[in-house]
Every structure is written in C-alpha cells, then in structure tokens.
Amino acid sequence: MAFQRDYVLRIIEMMGEFFRKIGERMDRREQLQALDEMCRDQCGLSLKAAFALKEETVQDLLPEQTRFMLSEITYLQSMLLSDEDARQAHFLRALRLLSALWEEENICEARYGRLLELMEFCDEELQAQDYLNCARFLMAAEKLDDGEDAIFHAVEMAQEDEKREYIISGKALLIGLLSLSDRALILGGLPRDEVFEAINDLEKWEKA
C-alpha cells in the first residue's frame with residue numbers, strides 16, 4: 001500500500017491532538033483506558049492483545065495501515081507507562097513497527113525524527129536487523145548520513161555467520177545512492193566521495 005502524504009500527516013496530527021486532549025483532562029489510568037479504546041477502534045485490538053502479538057505475526061497478518069497506527073499508539077502508550085522496563089519494551093516495539101514500514105516513502109519522510117528518537121531510546125536493545133531496517137527507513141527519508149551510520153551498526157551487531165549478509169545488504173543500499181545527483185547526496189549529508197568511501201570500508205570488512 002502506498003500511503004498518501006496527506007493521509008500520513010492527518011494521522012500524525014490526529015494522534016498529537018489525541019495525546020494533548022487526554023493529557024489535559026485525565027489521570028494516568030484514564031489516559032491508558034482512552035488509548036486502549038482508540039487501539040480497539042483503529043486497529044481492532046486491545047493494547048494488551050496488540051503488544052502480546054509476536055512481531056512476525058504483526059508483520060505477516062496486519063496491513064500496513066494498521067501497523068502504522070499501531071506504531072503511533074504504542075509510542076504514545078510508552079509515554080504513559082511508569083514502569084521503566086515496560087516503557088523501554090514499548091519503545092522498542094514502536095521502533096520495530098515503524099522501521100518495518102521503510103518501503104513507505106511518505107511515512108519515512110514524515111517520521112524519520114521519531115525513528116531517530118526511538119533509536120536513541122533503544123540503543124542498548126537494538127539488533128542487526130533493527131539497524132538495517134532503520135538504515136532503509138532513513139535513506140528513504142533522504143537522511144543518508146544517519147542511514148550510513150545505521151548500516152555500520154547493523155554489520156557490527158551481526159553474528160559472525162551473518163555478517164557477510166549484512167555487508168552485502170549495506171553495500172546494495174549505498175550503491176543505490178550513486179544514482180542520486182551530487183546535490184541530493186550533499187543535502188542528505190553524504191557526498192559522493194563519502195559514499196564511495198563507505199562502500200570501500202564495507203568491502204574491506206568483507207575481505208577481513
């Protein structure tokens with residue numbers, strides 16, 4: 001599904017207004033109850049049921065529209081939780097839901113700031129696949145320098161028997177950037193010479 005930019009911005013605005021509304025009028029319990037009602041209405045699941053779903057099930061069974069809404073709702077839920085471990089787990093789930101939508105360019109452009117925020121929150125929990133999805137998302141948003149950083153984190157985090165696979169994926173992303181104009185590369189924070197340098201570094205890593 002290709003998300004229209006107006007739809008993405010409308011959802012973001014709606015969620016922001018919802019959070020402001022419940023923040024002004026309700027206590028924590030009522031806020032979570034209102035968010036649960038929204039989750040049931042928009043996603044067909046309670047907050048508890050949505051979080052209990054395995055990530056593979058979420059990706060396989062839920063449509064992109066539902067996964068985007070769920071990423072927004074899970075992020076808001078994390079902001080309302082007082083238990084630090086639960087809060088962190090919900091930040092990580094929100095990141096994985098969002099970064100898995102890297103093929104949706106309009107979502108990437110509108111929510112790259114959120115993804116960078118979540119990457120910072122979840123730094124110690126991120127795995128190689130998380131970083132690779134984040135790299136794809138950030139590059140789709142034309143945040144090329146941040147995407148390059150995520151590629152190298154993915155390779156660093158990969159198990160030894162998987163490292164070559166991540167190097168190949170990272171190289172493919174970087175080689176794809178070479179079709180962009182010099183201006184686009186500079187605006188994305190990764191001039192052409194730095195793209196070649198990053199590709200060369202990955203090739204050296206592959207041969208090591």
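Structural data are supplied above this passage.
A brief structural summary. Remember, it's a predicted structure, so these values are computed and weren't measured experimentally. (Residues numbered from 1 in each chain as written. Predicted model: local features only at pLDDT ≥ 70, side-chain atom pairs only at ≥ 80, totals over all residues. Heavy atoms only, no water.)

As a further point, take helix H7 (residues 105–121). Because an α-helix packs 3.6 residues into every turn, residues spaced three or four apart end up facing the same way. For H7, spanning 17 residues, the distance from its first C-alpha to its last is 23 Å, which sits close to the expected 24 Å at 1.5 Å a residue. Asn 106, Ile 107, Cys 108, Arg 111, Arg 114, Leu 115, Leu 118 and Met 119 are the residues of H7 that are buried. On its buried face, H7 is in contact with helix H1 (5–25), helix H5 (64–80), helix H6 (84–99), helix H8 (128–140) and helix H9 (144–157). (Helix = DSSP H or I, 4+ residues; strand = E, 2+ residues; numbered from the N terminus. Expected span 1.5 Å × (residues − 1). Buried < 20%, exposed > 50% of the residue type's maximum accessible area, 1.4 Å probe, protein only. Contact = heavy atoms within 4.5 Å.)

Once that is clear, we can look at the pattern of salt bridges. Here the structure, examined in full by the defined rule, presents twelve salt bridges. Residue Glu 109 is joined to Arg 5 by a salt bridge in which the shortest nitrogen-to-oxygen separation is 3.7 Å. Highlighted residues: Glu 109 in helix H7 and Arg 5 in helix H1, separated in sequence by 104 residues. On the basis of relative accessibility, which here comes to 28%, the residue Glu 109 falls in the partly exposed class. (Salt bridge = Lys/Arg side-chain N within 4 Å of Asp/Glu carboxyl O.)

Grouped together as the largest cluster of nonpolar side chains are 63 residues, with contacts concentrated most on Ile 73, Leu 115, Met 119, Leu 174 and Leu 177. The element contributing the most residues to this core is H8, with eight residues. The contacts of Leu 115, once residues within four sequence positions are left out, are Leu 95, Leu 98, Ser 99, Cys 134, Phe 137 and Leu 138. (Core = buried A, V, L, I, M, F, W, Y, C linked by side-chain atoms within 4.5 Å.)

Here we take up the packing of aromatic side chains. The geometry of an aromatic ring pair comes down to the distance between the two centres and the angle between the two planes. Under the definition given, this model contains three aromatic pairs. Where Tyr 75 meets Phe 91, the ring centres are 6.1 Å apart and the plane angle is 50°; that geometry is what we call tilted. Pair noted here: Tyr 75 is in helix H5 and Phe 91 is in helix H6, with a separation of 16 residues, a long-range link. We classify Tyr 75 as buried; its relative accessible area is 7%. Centre to centre, the rings of Phe 152 and Trp 205 are 6.3 Å apart; their planes meet at 25°, and the pair counts as stacked. Of the two residues, Phe 152 is situated in helix H9 and Trp 205 in helix H12 (residues 192–207); the sequence distance between them amounts to 53 residues. We classify Phe 152 as buried; its relative accessible area is 16%. Put simply, the rings of Tyr 75, Phe 91 and Phe 121 touch in pairs and so form one group of aromatic residues. Geometry around Phe 51 places Arg 93 over its ring, the cationic atom sitting 5.3 Å from the centre. Of note, Arg 136 hangs over the ring of Trp 102, and the distance from its end group to the ring centre comes to 4.9 Å. (Phe/Tyr/Trp six-rings, centres within 6.5 Å; stacked < 30°, edge-to-face > 60°. Lys NZ or Arg CZ within 6 Å of the ring centre and 35° of its normal.)

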